[in-house]
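Analysis of the macromolecular model
These are the residues of each chain, in order.
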Amino acid sequence: MERKALNSLGYMELAAFFIFGIFLLGVYFGVAWLQGAMAVLFVIPMAGVLRYPGRCRSTGEPFVKARFAWSLITMFLYLGMGFGLLMIV
């Protein structure tokens, strides 16, 4: 079995990490449009993570609850850190 759903979950986490990194660059250099664009683009990996249970059902792969929970926690940590940075700056 190829574990396509689990691989897509890992790619969404990686995409969220890079988007958050670019968001941090926007905060550091004070580029407001970059901050806004990365905030909007963060919806894509979040939607990919939330699609994981349905993708497991459609491909017949087992649903890994711990991996899904970790991905959700990671996404909300990124959101919290970003919101906290904007409140501090």
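It is worth spelling out the nonpolar core at this point. Grouped together as the largest cluster of nonpolar side chains are 18 residues, with contacts concentrated most on F42, V49, Y52 and M75. When residues of this core are traced back to their parent elements, those giving at least two are α1 (4-29), α2 (32-41), α3 (43-50), α4 (52-59) and α5 (65-88). The element best represented in this core is α1, accounting for seven residues. Setting aside its immediate chain neighbours within four residues, M75 contacts M12, E13, A16, F42, P45, M46 and V49.

Any two packed helices are characterised by the angle at which their axes cross and by the distance between the axes. Taken N-terminus to C-terminus, the directions of α3 and α5 make an angle of 160 degrees; their axes are 10 Å apart at the nearest point. For the element pair α3 / α5, the angle class is roughly antiparallel. Once α3 is placed against α5, the crossing between them reads as left-handed. Packed against α3, whose contacting residues are P45, M46, V49 and L50, the element α5 presents F68, S71, L72, M75 and F76 at the interface. Residue classes in the contact of α3 with α5 are distributed as eight nonpolar, one polar and no charged.

Think of an α-helix as 3.6 residues a turn; residues three or four steps apart then line up on the same face. Turning to α4, its buried residues are Y52, P53 and C56. Buried residues along α4 cover an arc of 105 degrees about the axis, so they all sit on one side. Away from its buried face by more than 90 degrees, α4 exposes R57 and S58. Once α4 finishes, G60 follows within two positions and takes phi at roughly 80 degrees, a positive value.

Turning our attention to the pattern of salt bridges. Where charged atoms of side chains with opposite charge meet at close range, the side chains can pair. Scanning the entire structure with this criterion turns up one salt bridge. Across the pair E13 and R67 runs a salt bridge, and its minimum N-O distance is 3.7 Å. In this pair, E13 sits in helix α1 while R67 sits in helix α5, placing the two residues 54 residues apart along the sequence. In this structure R67 comes out as partly exposed when scored by relative accessible area, which is 31%.

Checked against the element boundaries, E61 lands in the loop between α4 and α5. For the buried E61, no salt bridge is present, and the opposite-charge side chain at shortest range is R3, 4.7 Å distant. Separated by 2.6 Å, the side chain of E61 and the backbone nitrogen of K4 make a polar contact. Within the structure, E61 has its side chain in polar contact with the side chain of T59 (distance 3.4 Å).

What counts as what
- Residues numbered from 1 in each chain as written.
- Predicted model: local features only at pLDDT ≥ 70, side-chain atom pairs only at ≥ 80, totals over all residues.
- Heavy atoms only, no water.
- Core = buried A, V, L, I, M, F, W, Y, C linked by side-chain atoms within 4.5 Å.
- Buried < 20%, exposed > 50% of the residue type's maximum accessible area, 1.4 Å probe, protein only.
- Helix = DSSP H or I, 4+ residues; strand = E, 2+ residues; numbered from the N terminus.
- Contact = heavy atoms within 4.5 Å.
- Axes fitted to C-alpha atoms, helices over the stretch in contact; angles between N-to-C directions.
- Parallel < 35°, antiparallel > 145°, perpendicular 65-115°, else oblique.
- Left-handed = near helix turned anticlockwise from the far one by under 90°.
- Nonpolar A, V, L, I, M, F, W, Y, C, P; charged D, E, K, R; others polar.
- Arc of directions from axis to C-beta.
- Salt bridge = Lys/Arg side-chain N within 4 Å of Asp/Glu carboxyl O.
- Lys, Arg positive; Asp, Glu negative; His and termini not counted.
- Polar contact = N/O pair within 3.5 Å; in protein donor to acceptor, adjacent residues only side chain to side chain.

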